[in-house]
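Okay, here's what each chain looks like letter by letter:
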Amino acid sequence: MRTIACLAAGGVAIALPFFVGPYGHYLLCMAVIYAMVALSLGLLLGVAGQISIGHAGFWAIGAYTSAILVTKVGVPFILTLLVSGLFAGVAGLLVALPALRVQGHYLAIATLGFSLVIVHVLYEWDGLTGGRQGMFVPRPSIFGYELMSDFSAYFLLLAILAVTLLLVVNLRRSLGGLSLNAMRLSDIAAQVCGVNRATTTMFVFALSAAITGVSGAFYGAVLGQLSTDSFTLVVSLGFLTMVIVGGLHSVVGALLGGLFLAYSPEFLRAFEEWQMFIYGALLVGFMHLLPDGLASLPRRALRLVRRRDA
Amino acid sequence: MKTIRLSTLIGALVIAAPAFAGDPGVTDDTIEVGSILPLQSGLSAGASQYRDGIDAYLKWVNKNGGVNGRKIIVHFENDSYNPQQAVAAAKKLVDRDGVFAIVGTLGTTNTVAMIPHLANRGVPLIGPLGSHPSINTPTERIVFPISPLGTSHGISLAKYAAEELGAKTLAVFYQDDQYGKEILQGVEEYAEENGLEVVGEASYVPSDVDVSAQALSLRDTNPDAVVMAVIPKHGALFMLEAQKLGWDAKFLAPQLMSDKVSLDLGGSALNGLIINLYSAHETMDTEAVAEAKEAMAEFAPDTAPGYWPFMGMSGAKLFVTALRNVEGEPTREKLMDALEALGTYDSGIIPPVTYAPEKHAGPTVFGYAEVIDGEKGEVKVLKHWAD
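Rules behind the numbers
- Each chain carries its own residue numbering, running from 1 in the direction its sequence is written.
- Chain labels run from A onward and ligand labels from 1 onward, assigned in the order the entries are written.
- In view of the model being predicted, local features appear only for residues whose pLDDT reaches at least 70, and side-chain atom pairs are presented and counted only at 80 or more, with totals across whole chains, interfaces and linings using the full set of residues.
- In computing side-chain properties, one takes all heavy atoms of the structure into account and sets aside hydrogens as well as water.
- UniProt positions are given in the numbering used here, feature names are shortened, and annotations may be inferred rather than shown by experiment.
- With a 1.4 Å probe rolled over the protein chains alone, any residue whose accessible area is under 20% of its type maximum counts as buried; one over 50% counts as exposed, and the rest are partly exposed.
- Segments assigned H or I by DSSP are reported as helices when at least four residues long, segments assigned E as strands when at least two residues long, and all are numbered from the N terminus.
- Here the arc refers to the set of directions running from the helix axis out to each C-beta atom.
- Should any heavy atoms of two residues lie within 4.5 Å, those residues are considered in contact.
- Take the accessible area each of two parts loses on contact, using a 1.4 Å probe, and add the two losses: that sum is the buried area.
- Here, a salt bridge means any Lys or Arg side-chain nitrogen found within 4 Å of an Asp or Glu carboxyl oxygen.
- Nitrogen and oxygen atoms within 3.5 Å of one another constitute a polar contact, given that in protein one can donate a hydrogen and the other can accept it, and given that sequence-neighbouring residues count only through two side-chain atoms.
- Ten residues, namely Ala, Val, Leu, Ile, Met, Phe, Trp, Tyr, Cys and Pro, are considered nonpolar, four, namely Asp, Glu, Lys and Arg, are considered charged, and the remaining ones, Gly among them, are considered polar.
- Strands qualify as paired when DSSP identifies two bridges or more between them.
- Only the stretch in contact is used when a helix axis is fitted, and all axes are lines through C-alpha atoms; the angle between N-to-C directions ranges over 0 to 180 degrees.

Under an unreviewed UniProt entry, chain B has the name ABC transporter substrate-binding protein and belongs to Acuticoccus mangrovi.

An unreviewed UniProt entry lists chain A under the name Branched-chain amino acid ABC transporter permease, with Acuticoccus mangrovi given as the organism. The annotation that UniProt attaches to chain A under Subcellular location (unreviewed entry) is "Cell membrane".

The following block contains the structure:
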């Protein structure tokens, strides 16, 4: 049943761009880019129980690394994805260091501080990043072929998302994933069972940051221009919102969260100056009525039907 | 027989096709354009007035018969001063709604972010208001700026201080971003070339709520004049601090500092402030200003004529002027040709812009005005840019 659902979802994802126009292709690209961030944040927050409100910093590292390598060094875009992931991953390791000592609100503040510092460094580093003027970024390319339209870029994104999904799903099922879960539930109990807290924490931070970095590389290339305004605290908070709305503890939730972040401005546009109010009301509604996010909707619906039948 | 009919039909369609192949957004009786503004952001107060300026002018044009028989319809999109949302809005307007041109954007990073997509689609961007080389000295043919370079602001203010106020030493209070630093750079350039001395510099960031330390430190440098590269809130705070300190230097700032928000915040502390004018002031007695005020009174009666609506209106006016000069069916290419044929053009709403095939430049000359009574909102024009 699960395999059929996965195949159907994959089929829909492949078929969708044939039914929407160029603007729809752009939105689909953004949804996939966000979904990758949601997957990474879901891993960190939902599985390992480590909070981060600094993921915009990892996103920025990925975006600028790729853009600089493509424009200034001439590295092929595909290769820059790996380097972006690597650089962001190393930054993730650094951020993991305070995570070994602090938890909860204090960890949130530490990750926020990291993000602000990164953005400030990028802003001030005029010669490399364009500083306050920002920088233009070429379209994504593969084997020298430039993906000029969002339609073609979407399929490359979809392929990378599929790889990321496989990675995350397998990790969650593996012994490493179980260790992360155990640490979230009780780090003392986990350590008693032989889980190395330091290694596990550093690993999950690095992996989460690396995935976010790859997403950032795509973000710059699809957008066509980078400036530090794209990596503010609001963006980090938006990421958190996305995983909570989608569903913190499931991969499906991450995908739904990505769709929510990309499409909600479209649905709310008609409400004009009421947009932010309605967005806020929706978030409060989700927290109260769907604490496990959109991913829990089918389960809840099923439960309702069973109760009625009973 | 069937083959002949089919061939005739295909032939007719091929011949007729060019007659129907107009650019997007153009019908027999309308032309649809888009405008992308930060209507929900820190700039929303200015953006909504900017929108009202565009809207009122285009409605006024429509009321007077439109352009060559076509009414102009404008679609406004909000970008929340966010580059990503700006690109989304540009893609929506161009790829989904099919607008003919973008008339009016506000903000730097958001406008810069949308330029690659508009250039890729060949969509003219008329009237972007921001401070970036890609906007003010564009290399993309589609961009037709209405705002001066940030450095030109600095030069104009330093020049006025030196030539009209006899200042020998200057201090600069600036916002620590692209906008503020470009003005600072202009002041430094002018000072170096003309033997003036910049004796003090102090900056703030937009989130600051207190600028008393900056006022104190600059007062201690004892400059003849202080150039402010500021937005209304911080400019007003700085002037209030200067008033508290009894600091009697001459203060100069860009035109933003004479808008209603600044005057309401600063009150009498703004008295004597010199501002450079890069849009018309509502007290100017010219035909263009009278026409602009008439349009505002009729179609945006709740918005007072002034800097923001006039800046918005200027882009719309350039668009309409060029569109009127287009012969035959309007296309984006013909519109850009018509804009480039304007040469140095004075709309009367902003100082002259220069659009030619090899150069698209915003204004380079300025007028000047002085705040006479900040509490009453009284501002006196000292010099029109045409004088």
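A closer look at helix α8 (residues 212-219) of chain B
All names here are of chain B. Of the residues making up α8, those classed as buried are Gln 214, Ala 215 and Leu 218. The buried residues of α8 occupy an angular sector of 100° when projected down its axis, which confines them to one face. In the core, the buried residues of α8 are packed alongside β6 (169-175), β7 (197-204) and α9 (232-245).

Examining the interface of chain A and chain B
Listed as interface residues are 28 residues of chain A and, on the opposing side, 27 residues of chain B. For the pairing of chain A and chain B, the buried interface totals around 2200 Å² over both sides, and the portion due to carbon and sulfur atoms is 51%. Note that Asp 150 of chain A is salt-bridged to Lys 91 of chain B, the shortest N-O span being 2.6 Å. Linking chain A with chain B are 6 residue pairs in polar contact (both at pLDDT 80 or more). Looking at the side of chain A that touches chain B, the elements with two or more residues in it are α2 (22-47), α5 (104-124), α10 (197-223) and α13 (275-289) of chain A. Considering every element that reaches the side of chain A that touches chain B, the biggest residue donor is α2 of chain A, with 5 residues. Across the side of chain A that touches chain B, the residue classes break down as 13 nonpolar, 6 polar and 9 charged.

A few points about the sheet that holds strand β1 (residues 30-37) of chain B
Residues and elements named next belong to chain B. Strand order in the open sheet formed by 5 strands is β2-β1-β3-β4-β5, with parallel pairing between adjacent strands. Here the strands that pair on one side only, and so sit at the sheet edges, are β2 (71-78) and β5 (143-144). Relative to β2, β1 runs parallel, the two sharing 8 bridges. Bridging from a neighbouring strand, Ile 31 pairs with Ile 72 of β2. Contacting β1, β2, β3 (101-106) and β4 (125-129), helix α2 (residues 44-63) crosses the sheet at an angle of about 165° to β2. Most of the contacts of helix α4 (residues 109-121) go to β3, to which it runs at about 160°, and overall it touches β1, β3, β4 and β5.

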